[in-house]
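Listed below are the residues making up each chain.
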Amino acid sequence: MSNGMTKRDVEVMHPSTKPTSEEIAVAKWIKGNVLCKKTKFLSHSVEYFTASKAVDKLLTSPWSTPGKNKEEPLFTTRESIVQYLDLLLRKKFFHRAKKIPVSEQELKAREAEEEKKGDDGESSHAEEKKDKGKKEKRKIRLDMHLEQIFVDGNDAYVWIYDPIPYYYWLAGGGVVLAVVALCLFPLWPPVVRKGVYYLSIGAAGFLMFIFGLAVLRVLMFCLLWLVSMGRHHLWIFPNLTEDVGFFASFWPLWKYECRDKEFKNKKNKKKSSDDENDEKVEESGGEDAQLDNIEDTEDKSETESEQTGKDFEMIEKDD
């Protein structure tokens, strides 16, 4: 190349849109070996890594050691790694973001919004620091950086490259094969077709049995409840419609309750005892508050006496 420029320098200045297989391999290695953190960026869940950690890892990567034919390694210094990662940035493998500390006011406002909306997702990310006993967690959020270059430092770089996992391909291939197999059902051997037919009949019969059982248990409960004027409650398979496992849905077989006057009296006594306990707690809370107020006034009087040098101070009415 003219003017002493190498091919790699030209690629950095004017990168081709299509990444090479080597660049894809390096990006996959970085994503699999460099620590990535998850956060929200512009209301999207993203993963990001720190630049200095990526450079440190690449110094010990297979591309930093000589090849089998004693070829020169791809990465020899930190500067060469930074230059290569800047090329990956220009080819849209990741982009640069800046960390913005979240103030306490923003945290309180977000917590209030989450309580109203019921959201559990956090738009800020807690960086790795110790608990309150040692160090407090520092909340940060990410924003787009105006200078899209790779810098060897503590800047965050958000991944754009998201390769499809291999098991997605396996699952997709399995779905395609299953659809083709169903389309070729007329060509199946008679024994297999007969077995699938019996299996489908058995599955449909089982579903109808479950549906009928659910209707029967409701009818039996309503009939017994009407006859006993609401005193007797009988449920067959009480866990049938509960959110439990398959076998737990059929156990216990039945559940019976007799809600007579004694049951109502016990319930009322329990409610009254709970109310009394609440009142006692409120009274104790009021007494504690009064004691706190008395202690505060005593502390104030002590501080005033210390400042004036007297136990008390006489104040005239005019003052």
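Bear in mind the structure is a predicted one, so any value in this text is a computation, not a measurement.

Trainee: Would you take a moment to explain the UniProt feature "transmembrane region" (unreviewed entry) in the protein chain for this structure?
Mentor: With numbering aligned to this structure, UniProt lists the feature "transmembrane region" (unreviewed entry) at residues 166-189 and 195-227. End-to-end, the C-alpha atoms of residues 166-189 are 33 Å apart, and along that stretch the chain is 75% helix and 0% strand. In residues 195-227, the share of helix is 100% and the share of strand is 0%. The end C-alpha atoms are 48 Å apart.

Trainee: Honestly, the pairing of strand β3 (residues 94-101) in this entry has me stumped. Any pointers?
Mentor: Regular strands have side chains that alternate between both faces of the sheet. Here β3 pairs with strand β6 (residues 156-159) via four bridges, running antiparallel. Bridging from a neighbouring strand, Arg96 pairs with Tyr157 of β6. Relative to strand β5 (residues 139-144), β3 is paired through five bridges, and the arrangement is antiparallel. Counterpart to Lys99 in the pairing with β5 is Leu142.

Trainee: Is there a simple way to explain the pattern of salt bridges in this structure?
Mentor: Pairing between side chains of opposite charge can happen when their charged atoms approach one another. Considering all chains together, one arrives at six salt bridges under this definition. A salt bridge links Glu23 to Lys91; the nearest nitrogen and oxygen atoms lie 2.8 Å apart. With Glu23 in helix α2 (residues 21-33) and Lys91 in the loop between α4 (78-90) and β3, this pair connects stretches of sequence that are 68 residues apart. Residue Glu23 shares its accessibility class with Lys91, and that shared class is buried. The closest approach of N and O atoms between Arg96 and Asp155, which form a salt bridge, is 2.5 Å. A residue pair is termed long-range when its members are at least 10 positions apart, and Arg96 in strand β3 and Asp155 in the loop between β5 and β6 qualify at 59 residues. Using a relative accessible area of 23% as the deciding quantity, one classes Asp155 as partly exposed. Three or more residues joined by partner-sharing salt bridges are found here, namely Asp56, Arg78 and Asp152.

Trainee: Whenever I open this one, helix α6 (residues 166-183) confuses me. Can you help?
Mentor: Residue pairs spaced three or four apart in an α-helix point in one direction, given the helix's 3.6 residues per turn. With 18 residues, α6 ought to run about 26 Å at 1.5 Å a step, and its terminal C-alpha atoms sit 26 Å apart, in line with that. Little of α6 is tucked away, with zero of its 18 residues classed as buried.

Trainee: What should I look at first to understand the pairing of strand β1 (residues 37-41) in this one?
Mentor: By the alternation rule, side chains of β1 split into Lys37, Thr39 and Phe41, which are all buried, and Lys38 and Lys40, of which none is buried. Sheet topology places β1 next to strand β2 (residues 44-50); five bridges connect them, and they run antiparallel. Bridged to Thr39 within β2 is Val46. Hairpin connection between β1 and β2: a loop of two residues separates the two successive antiparallel strands, and Leu42 in this loop has a positive phi of roughly 55°.

Rules used throughout
- Residues numbered from 1 in each chain as written.
- Predicted model: local features only at pLDDT ≥ 70, side-chain atom pairs only at ≥ 80, totals over all residues.
- Heavy atoms only, no water.
- UniProt positions renumbered as here; feature names shortened; annotations may be inferred.
- Helix = DSSP H or I, 4+ residues; strand = E, 2+ residues; numbered from the N terminus.
- Pairing = 2+ DSSP bridges.
- Salt bridge = Lys/Arg side-chain N within 4 Å of Asp/Glu carboxyl O.
- Buried < 20%, exposed > 50% of the residue type's maximum accessible area, 1.4 Å probe, protein only.
- Expected span 1.5 Å × (residues − 1).

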